[in-house]
Amino acid sequence: VVVGSLAIIEYFETLCSSSQNQGKTSNSGQNRDRELTSSDKELKGTMSGQTPDEIARIQKLNELVEKATISFEDAARKGSAMFALLEKRDAKASKLSLSASREILATVNEYYVGEGDTHFNSSSRGGEVDVADVMVFSLLQFAKVMYGIELWRELDGLEVFYRWFGERESVLVEGEEGE
């Protein structure tokens, strides 16, 4: 799920940046390459990060979310009756996998708390999100909707983030309002 979603987001990111990098049209009608100005970057934004620090943070979070997702999916397969025909249920293995997922999310939580937490603060980025935010929310929402598990519980940063992100118009399902 995460890898596929990430691939789709990166595909669209590449398409958008490719078309924006083609630059202005010259008098002869030919496109010419040009450097993006700071105002171009501010207007277009990017979900993959602009600075080396942002890019590294997003990549690290994506790796952590992928690991947390794998552990959560294992917990779901081992503990849910939905998968009983595919593999043997094992409550102990399910609990261990769920615990592993929560431990990884505790590390993810650190990226969403503290004085340095400005990447999803609407005053600092105008409410913009990045790829990592989408991946984190996707896992938290999947666990809640499909299994009734609130993975963000006892993780203050992720709980605030989940509620903030869940209010975005882009994630609301028709007929639902944000929580």
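Structure: see above.
The model shown is predicted, which means the values in this text are computed figures rather than measured ones.

1. A closer look at the overall build of the protein
Now for step 1: Summing up its helical and strand segments, the protein has 7 helices and 0 strands in all.
Now for step 2: Moving toward the C terminus, one meets the helices and strands of the protein in the order α-α-α-α-α-α-α.
Now for step 3: Scored against the burial criterion, the 179 residues of the protein give a buried share of 32%.
Now for step 4: For the protein, the proportion of contacts with a sequence separation of at least 24, taken over those separated by at least 6, is 58%.
Now for step 5: Carbon together with sulfur atoms contributes 52% to the accessible area of the protein, which is approximately 11300 Å² in total.

2. Comments concerning helix H7 (residues 156–166)
Now for step 1: All of the buried residues in H7 are Gly157, Leu158, Phe161, Tyr162, Phe165 and Gly166. The buried residues of H7 occupy an angular sector of 145 degrees when projected down its axis, which confines them to one face. The exposed residues of H7 that point more than 90 degrees off its buried face are Asp156 and Val160.

3. Observations regarding the pattern of salt bridges
Now for step 1: This structure, assessed with the given rule, holds 5 salt bridges.
Now for step 2: For the salt bridge of Arg77 with Asp74, the shortest nitrogen-to-oxygen distance reads 3.2 Å. Note that Arg77 and Asp74 are positioned in helix H3 (residues 52–79) at a spacing of 3 residues, about one turn of the helix.
Now for step 3: In this structure, Arg153 and Glu159 form a salt bridge, with 3.0 Å as the shortest nitrogen-oxygen distance.
Now for step 4: Note on Arg153: relative accessible area 34%, which makes it partly exposed.
Now for step 5: Among the charged side chains, a salt-bridge network with shared partners connects Glu150, Arg153, Glu159 and Arg163.

Conventions we followed
- Residues numbered from 1 in each chain as written.
- Predicted model: local features only at pLDDT ≥ 70, side-chain atom pairs only at ≥ 80, totals over all residues.
- Heavy atoms only, no water.
- Helix = DSSP H or I, 4+ residues; strand = E, 2+ residues; numbered from the N terminus.
- Buried < 20%, exposed > 50% of the residue type's maximum accessible area, 1.4 Å probe, protein only.
- Contact = heavy atoms within 4.5 Å.
- Areas by Shrake-Rupley, 256 points an atom, 1.4 Å probe, with all protein chains shown as cover.
- Arc of directions from axis to C-beta.
- Salt bridge = Lys/Arg side-chain N within 4 Å of Asp/Glu carboxyl O.

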